[in-house]
Amino acid sequence: MPWWSWILIWVALVALSLLFYVLLGIRLFRQFMATVKDLGEAGSKLGRLGPLDRPAEPDDEKHAVPGSAVFASPALMRHDYEASKSKRREERRRRRVQRKKDRGQPQALGDLDFT
């Protein structure tokens, strides 16, 4: 094979690789422009919404705004945790007693409320 055929093969390989990179660049550019267009539409929609209403500060601790636990005292959070834990435990006990009552099963002494 003559030496110039090797040059032609290498020129063809380089040309094909450059064509591949150009097509890849065009595809990436189109995807980028589609993303920019979508972001522009989202920005215009958000711009039309207007200011968001902020919730009023709660007067009592029962209806605390989500996320307020970050700034609450640890003692208050411990109290809330224990209160909700005992409430869940009592609710489970009440359902267990009712379920046993409906089935006619004997009740455990710990489940009965003597107060």
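Data block above holds the structure.
Residues numbered from 1 in each chain as written. Predicted model: local features only at pLDDT ≥ 70, side-chain atom pairs only at ≥ 80, totals over all residues. Heavy atoms only, no water.

> Got a minute to help me understand the overall build of the protein in this structure?
Looking only at helices and strands, the protein features two helices and zero strands. In the protein, which comprises 115 residues, the share counted as buried stands at 3%. For the protein, the exposed area adds up to about 11000 Å²; of that, 65% sits on carbon and sulfur atoms. (Helix = DSSP H or I, 4+ residues; strand = E, 2+ residues; numbered from the N terminus. Buried < 20%, exposed > 50% of the residue type's maximum accessible area, 1.4 Å probe, protein only. Areas by Shrake-Rupley, 256 points an atom, 1.4 Å probe, with all protein chains shown as cover.)

> Mind showing me how you'd approach helix α2 (residues 74-103) here?
Along an α-helix, residues three or four positions apart point the same way, because every turn accommodates 3.6 residues. Given a rise of 1.5 Å per residue, 30 residues ought to cover 44 Å, and the 43 Å separating the end C-alpha atoms of α2 matches this to within 8%. Directly beyond the C-terminal end of α2, a positive phi value near 75 degrees is found at G104. (Expected span 1.5 Å × (residues − 1).)

> Help me understand the side chain of R93 in this model?
Mapping R93 onto the fold places it in helix α2. R93 has contacts with G110, D111, L112 and D113, leaving out every residue within four places of it along the chain. (Contact = heavy atoms within 4.5 Å.)

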